Every structure is written in structure tokens, then in C-alpha cells.
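Residues per chain are reported as follows:
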Amino acid sequence: LLLAARGWGSLGAMARYSTEQRGRPNSPDYRLYFKNADGKYISPFHDIPLFAGAKEDKEIPAKRSKTTGSEVLFNMIVETPRWTNAKMEIATEEPLNPIKHDVKKGKLRYVANIFPHKGYIWNYGALPQTWEDPNHMDNITGYCGDNDPIDVCEIGSKIHSSGEIIQVKVLGVLALVDEGQTDWKIIAISADDPEAQKIHGKYLYIDDVKKHKPGYLEATIDWFQLYKVPDGKPENHFAFNGEFKNKDFAIEIIKSTHERWKALLHKKVDGGTIKCTNVLVSGSPFCCSDEDARLIVQSAPAFMNGDSVPPEVDSWYFFPK
């Protein structure tokens, strides 16, 4: 309801997801689990559809995809809000893949402030039902995938919350090579953002970004190149000499990672430590019952002082069917 009041109703009929917090914030046991409109616990990685407006149990719902004009919209899971430093991410190696605070060597991870920026300079997250296969050599970059869903940098004017599901239109993509792995960065904007209407070029959306948000793409290159340097690591580099590729190129990359996700969920490739537990993916051997999903969540540390998260703490997020 809160987001409906902020203009989400303009995108059509409403459906909703909720998040349930487990564990104490800013601690290693913090988890943010997801429910769908029926109150079922689900995996945001596997059970939220890639294409906005599609039914959850359809793998390639192109005919039912939400569009704005001629634009196909995608669902984005917000992991880290803009201007924050905590490295929040989908827990790909845990059942139902909640969002957690990343931990390295027993310590919570935070990104450094890369002068003159504060924390993440976009709403940062991922596209569900995508997977960058670490065993597949990308013929464009010459490196294998990073074993995660494909990343998204949402560049709109609003700050979104961790766990929020937003519909985005894709503008372009950057090919980051991070510690010897292909790590595509999709550039997108929330479809309901006031600035989205300014970016409407038929093919060269990325040029519209340069026009209406001058310096943003250059700052994005700078940020990704340097963000690990404060941790003593070398600068990252990019395929295409750091050139942003256009919308059509980006959508082809998304489609290819979606195909690799489908192979993962149907056990056609070895996912290693990736947890494929899901509730809604038709035909997947990893599909579990609603009760099994509930038990997974209930086994996680309780909220704060040992009690389950009270209803008023539940956060509800909406997007159209």
C-alpha cells in the first residue's frame, strides 16, 4: 500500500511480495526471506519471474511480459540501497536464497567510500532467474561467469529499500572483469521513476543517460574500477575498454544468463554449492513443498530478542501482474 501511494498504481493491476526479517540487523545471522501474495515462502533467486508481469511458475513468459510502450520490463531485486555501504546480497548458497549481509573472514563486509562518492552510487541488486555460470567461458569477455545472478545498477532518482522488487527497463550493460571473472553490470531505471520518461531513444538509451545524467556513467566506471583497491586488491578492468553496450546487447546477455539459470534449475549443469531450492518452478527437481519452505525459514535465527518478526515489521512490496 505504501508503494502504491508513491505511484506504483500507474503500472496496472497489483500483486505483492513481502519480506520477513530473521536475525539481528548488522549481524552475520541477519536474513531477509521472501513471501508471495499467497503467503508462501519463496526464493527471490528462483521463484520471482525475470520478466515483469509474468506468472511465477512460467519460465519464459514473453507473451505475458509487462511492457511500457514497446518496452519489455524486468523484475529487479534490490539488495543494497543507494548511498549505503553494507554489502547486502542474495545468499545463493542457502536454501530459499534470502538476502544477507556478506561476511568475509568472519567480518561483515562494507564497501569503502570512493571519493567523491558515498557507498553504492545506484540502487544495486540482481535480476531473478539469471545465472552467470562459472563453468562457461564467455566468448565476449574470455572469462567464466561469477556464479551469481546478473547484477543491476538502477540509476533512477529514488532510493529503494533492500528486498524491494521493482520493475526496470534496461538501458545498457557494462562488462566488468572482476578478479578473473565475467561480472556483467546491467544499467537500468525503474519504470515508474520520473526520469525514466526522459530516456526514450529507440536504440541508444545509453546515449540518453549521458545526455540527461551527465557524469553518471563515468562515475560508474570509476567506482567499479577502484572499489576493491582500499582492501588491498588491484584495480578491476573491463571488456570493450570500458565502453557501455546498448539496450539490445544487454537484453541478449540477460537472455543467455536466463537460459543458463534454466539449465541449473533442471539439473542439466552442475551448480556446485548453489542452492536451487524453489517452490514454484515447474518441472524442477529442486522444487519443495510449502511446508518444507516454512521449516527452512523457521530454522533461521529468530528476529531480535528471540521472537519472530512482528507483523508490523513485515515490509510489503508490489509490482503489477
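Residues numbered from 1 in each chain as written. Predicted model: local features only at pLDDT ≥ 70, side-chain atom pairs only at ≥ 80, totals over all residues. Heavy atoms only, no water.

Let's talk about the nonpolar core
In this structure, Phe34, Leu96 and Ile99 are the most contacted members of the largest nonpolar core, which totals 31 residues. Secondary-structure elements contributing two or more residues to this core are strand 2 (31-35), strand 3 (41-42), strand 7 (88-90), helix 4 (247-265) and helix 5 (290-298). With sequence-adjacent residues up to four places away left out, Ile99 is seen in contact with Tyr30, Arg31, Leu32, Phe34, Ile77, Val78, Glu79, Met88, Glu89, Ile90, Ser162 and Gly163. In terms of nonpolar packing, the next biggest core, distinct from the first, is built from 27 residues, Trp122, Ile155, Tyr205 and Val209 among them. (Core = buried A, V, L, I, M, F, W, Y, C linked by side-chain atoms within 4.5 Å. Buried < 20%, exposed > 50% of the residue type's maximum accessible area, 1.4 Å probe, protein only. Helix = DSSP H or I, 4+ residues; strand = E, 2+ residues; numbered from the N terminus. Contact = heavy atoms within 4.5 Å.)

Comments concerning the packing of aromatic side chains
Per the stated rule, a full pass over the model turns up 13 aromatic pairs. Relative to Trp223, the ring of Tyr120 lies with its centre 5.3 Å away and its plane at 35°, an arrangement referred to as tilted. Here Tyr120, found in the loop between strand 10 (107-108) and strand 11 (123-126), pairs with Trp223, found in helix 3 (residues 216-226); they are 103 residues apart in sequence, far enough to count as distant. Judged by its relative accessible area of 2%, Tyr120 is buried. Ring centres of Trp122 and Tyr124 lie 5.7 Å apart, and the angle between their planes is 35°; on these two criteria the pair is classed as tilted. Summarising the burial analysis for this pair, Trp122 and Tyr124 share the class buried. Put simply, the rings of Tyr120, Trp122, Tyr124, Trp223, Phe224 and Tyr227 pair up and form one aromatic cluster. Here the guanidinium or amino end of Arg82 rests over the ring plane of Trp83, the centre of that ring lying 5.9 Å away. When the ring centre of Phe240 is taken as reference, the NZ or CZ atom of Lys245 above it lies at 4.5 Å. (Phe/Tyr/Trp six-rings, centres within 6.5 Å; stacked < 30°, edge-to-face > 60°. Lys NZ or Arg CZ within 6 Å of the ring centre and 35° of its normal.)

Focus: the pairing of strand 11
The side-chain alternation of strand 11 yields two buried faces, one formed by Asn123 and Gly125 and the other by Tyr124 and Ala126. The sheet contact formed by strand 6 (residues 74-80) and strand 11 spans three bridges and is antiparallel. When the bridges of strand 11 are listed, Thr80 appears paired with Tyr124. In this structure, strand 11 lies alongside strand 12 (residues 151-154), joined through four bridges in antiparallel fashion. Residue pairing across strands places Ala126 opposite Asp151, the latter belonging to strand 12. (Pairing = 2+ DSSP bridges.)

So, the side chain of Thr182
Tracing the chain through its elements places Thr182 in strand 14 (residues 181-190). You can call Thr182 buried: its relative accessible area is 2%. There is a polar contact of 2.5 Å between the side chain of Thr182 and the side chain of Thr141. Discounting residues that sit within four places of it in the chain, Thr182 has contacts with Glu132, Asp138, Thr141, Tyr143, Cys144, Gly145, Asp146 and Leu176. (Polar contact = N/O pair within 3.5 Å; in protein donor to acceptor, adjacent residues only side chain to side chain.)

Notes on the pattern of salt bridges
Tallying each qualifying case throughout the model produces 19 salt bridges. When the shortest N-O distance is used, the salt bridge between Glu259 and Lys262 registers 3.0 Å. Of the two residues, Glu259 and Lys262 are both situated in helix 4; the distance of three residues between them amounts to about one turn of the helix. We classify Lys262 as buried; its relative accessible area is 13%. Via salt bridges that share partners, Asp178, Glu179, Lys228 and Lys233 belong to a single interconnected network. (Salt bridge = Lys/Arg side-chain N within 4 Å of Asp/Glu carboxyl O.)

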